[in-house]
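# Structure assessment
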Amino acid sequence: MRRRGALIGPPEQMDKGAGKNQQSRLCFLASLSAFFWILLLYFHFVVLGSNTGSESTDLQNNIISQEPKPAHLTNAGLPEHRKIASDSAGSPFKPSPVHLNKAGLAEPHKKASGSAGSGPINTEPTPAHLTGSASHDKESFPFIRALKTIENKSDPCGGRYIYVHDLPPRFNEDMLKECKKLSLWTNMCKFTSNAGLGPPLENVEGVFSNTGWYATNQFAVDVIFSNRMKQYKCLTNDSSIAAAIFVPFYAGFDIARYLWGYNISTRDAASLELVDWLMKRPEWGIMQGRDHFLVAGRITWDFRRLTDEETDWGNKLLFLPAARNMSMLVVESSPWNANDFGIPYPTYFHPAKDAEVFEWQDRMRKLERKWLFSFAGAPRPDNPKSIRGQIIDQCRESKVGKLLECDFGESKCHSPSSIMQMFQSSLFCLQPQGDSYTRRSAFDSMLAGCIPVFFHPGSAYTQYTWHLPKNYSTYSVFIPEDDIRKGRFTIEERLKQISPEQVKAMRETVINLIPRLIYADPRSKLETFKDSFDVAVQAVIDKVTSLRRNIIEGRTEYDNFVEENSWKYALLDEGQREVGAHEWDPFFSKPKDAQKDSGGSSAEVAKNSWKNEQRDQSQ
């Protein structure tokens, strides 16, 4: 029986079956591949991601826990062979002009109505490390290394390191090369010599010491301070351990070049370039500049132009959003703004050794003072609010008062020897407002051991809170201006009411204050005394350190901080967190015209101050 062969379908059916099997295999492989990639991605982001974050935190903590290695040199101002490569700590945050108020919290810049200098509202997010959030890991703050240096008791510089930006020379040294252009009326070349002290003074009349005395210009703090910084013993080239960051910009010299006859673009140029340069630096991102400070040896009103009108005065450095974060040390600050701080005008005395200070103090204690009070100054006939006219009249009429008139043509008033000789022979020295609140004469008189008499709290008490005692009655006499205007009593009557014992105690306090009111020779340093520079630097360090601690703790320094009341906060007692009504409120009440202060237009005040510099030509 013949066996039947296997049934074989037509060729089309065979091809169809093979294609179906192949498609099934492809689908299976695609599914397997997709599952594999899903599993791989899950393992990478979920498993490895958590481990990476943990390792990153551990790494950061390891870096933070390392002991900082002190570096006592910075590139700024050093000769080429001593310069060190920068090793600044970077920041993962993008620099942005976030404004931190005095309480230490970030806030947007709101543009004031009619003010061109306040800047636009900042819409950029605040870096997480500046919000003060309690949930933020304490160890992750980028300034934690700087705070930890305080705990190292074996390090004499712990908590006191200063990092100095190595600015392009156009912001400082190049200005000195063109010193003839720094003032319209005064050749500043001789005043920028000797590290900013000016030419030495000869002790022909025996009024000075034999060494340490110079014909110092009252607006030379820019270069004096910067040169003193080069001698600061706790400089570092590692910004991550710095308690504060110094910006050696000659802001006072910069604006001095362009105040007369230049448009606002020229006046603002260097300030805008500086801010742009700083904000690109990694050091800026750590605290958005709140740990930065700079010095300007002029009054604050030269840097607070309110509008962009060509006729308005000064530049707008202190109104730039970024500059509002920095601290600016000026010889006269604004009572209504939180980003500037008063430091003393330079005097003629710049000792190089402690012995020179001791010798001068002893000499001031032993002097015979034949005048009850004295005044060196000129009237202000164009200012109806000025009490200088009444003060001059009282000096002329009193048998115990001495007057040195400083009007045009009176050369003695521009003689350091004549001024210091009069102050040394007086118990009290009258210090009314100048063109602005303050005047250099106050510091010259205290250097001579003369008790200052102030007539406006803005002349010293709310200005130099870092350098002068909070209890002003221990070293000075306060006579409100209205008492003089209304003739309630004479100056002689008021001063004679003070007992000889009290006068002696006040004079001793003034003499003991001398070291912290002078700038030591920048080419040397005092051993035991803290001079004006030392006091200012320490105050900045304390301010930044307090701010950092408040940020970490998620707290503010003050309750309900109001910047317009800035002058009040430094007067608070320890532990006070909010200001209220004050007896000096009438002195600082702002009229309805926001562009004016209690002494008239701030721009006009600054302009008059410059006009009166013409009297200094004979120095």
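Thresholds, definitions, all that
- In this numbering scheme, every chain counts its residues from 1 along its sequence in written order.
- Two thresholds apply to this predicted model, a pLDDT of at least 70 for residue-level local features and 80 or more for giving and counting side-chain atom pairs, whereas whole-chain, interface and lining totals are computed over all residues.
- The side-chain values count all of the structure's non-hydrogen atoms but skip hydrogen atoms and water molecules.
- Residue burial is assigned from relative accessible area. The probe radius is 1.4 Å, only protein chains are included, and a residue is buried under 20% of its type maximum, exposed over 50%, and partly exposed in between.
- Working definition: helices are DSSP H or I runs of at least four residues, strands are E runs of at least two. Numbering for both runs from the N terminus.
- Pairing between strands is defined by DSSP: at least two bridges between them are needed.
- To obtain each axis, a line is fitted to C-alpha atoms, and for helices this fit is confined to the stretch in contact; angles are then taken between N-to-C directions over 0 to 180 degrees.
- Should an angle fall under 35 degrees it is taken as roughly parallel, and over 145 as roughly antiparallel, whereas 65 to 115 is taken as roughly perpendicular and any remaining angle as oblique.
- Take the far helix as your reference; a near helix turned counterclockwise from it by less than a right angle gives a left-handed crossing, and one turned clockwise gives a right-handed crossing.
- For this analysis, residues touch if any pair of their heavy atoms sits within 4.5 Å.
- Under the grouping applied here, Gly and all other residues not named as nonpolar or charged are polar, the nonpolar ones being Ala, Val, Leu, Ile, Met, Phe, Trp, Tyr, Cys and Pro and the charged ones Asp, Glu, Lys and Arg.
- What counts as a ring pair is set by centres within 6.5 Å for rings of Phe, Tyr and Trp (its six-membered ring), and what kind of pair is set by the plane angle: stacked under 30 degrees, edge-to-face over 60, tilted for all other angles.
- Our definition puts a charge over a ring when NZ of Lys or CZ of Arg is within 6 Å of the ring centre and also within 35 degrees of the ring normal.

## Structural notes on the pairing of strand β7 (residues 327-332)
For β7, a buried count of 6 out of 6 residues is recorded, marking the element as mostly surrounded by other parts of the structure. By the bridge criterion, 5 bridges tie strand β6 (residues 292-299) to β7 in an arrangement that is parallel. Each residue of the ladder has a partner; that of Val295, found in β7, is Leu329. As defined by bridge partners, β7 adjoins strand β8 (residues 340-342) across 3 bridges and the pair is classed as parallel. Considered in β8, the bridge of Leu329 is made with Phe341.

## Section: the packing of helix α6 (residues 251-258) against helix α7 (residues 264-279)
Contact pair α6 / α7: the axes reach a minimum separation of 9 Å and the direction vectors enclose 160°. Taken together, the axes of α6 and α7 are roughly antiparallel relative to one another. For the element pair α6 and α7, the recorded crossing hand is right-handed. Contacts between α6 and α7 involve Asp254, Ile255 and Tyr258 from the former and Thr266, Arg267, Ala270 and Ser271 from the latter. Within the contact of α6 with α7, the residues separate by chemical class into 3 nonpolar, 2 polar and 2 charged.

## Some details on the sheet that holds strand β4 (residues 235-236)
What the 6 strands build is an open sheet, ordered β4-β3-β5-β6-β7-β8; its pairing is parallel. Two strands bound the open sheet, and with one partner strand each, they are β4 and β8. Examined bridge by bridge, strand β5 (residues 244-246) and β6 share 2 bridges and lie parallel to one another. Pairing of Ile245 across the sheet is with His292, part of β6.

## As for the packing of aromatic side chains
Under the defined criterion, the tally for this structure stands at 32 aromatic pairs. For the ring pair Tyr250 and Phe253, a centre distance of 5.8 Å and an interplane angle of 75° mean the geometry is edge-to-face. No difference in accessibility class separates Tyr250 from Phe253, as the two residues are buried. In this arrangement the basic side chain of Arg304 is found over the ring face of Phe319, its NZ or CZ atom lying 5.5 Å from the centre. Against the face of Tyr348 rests Arg440, its NZ or CZ located 4.0 Å from the ring centre.

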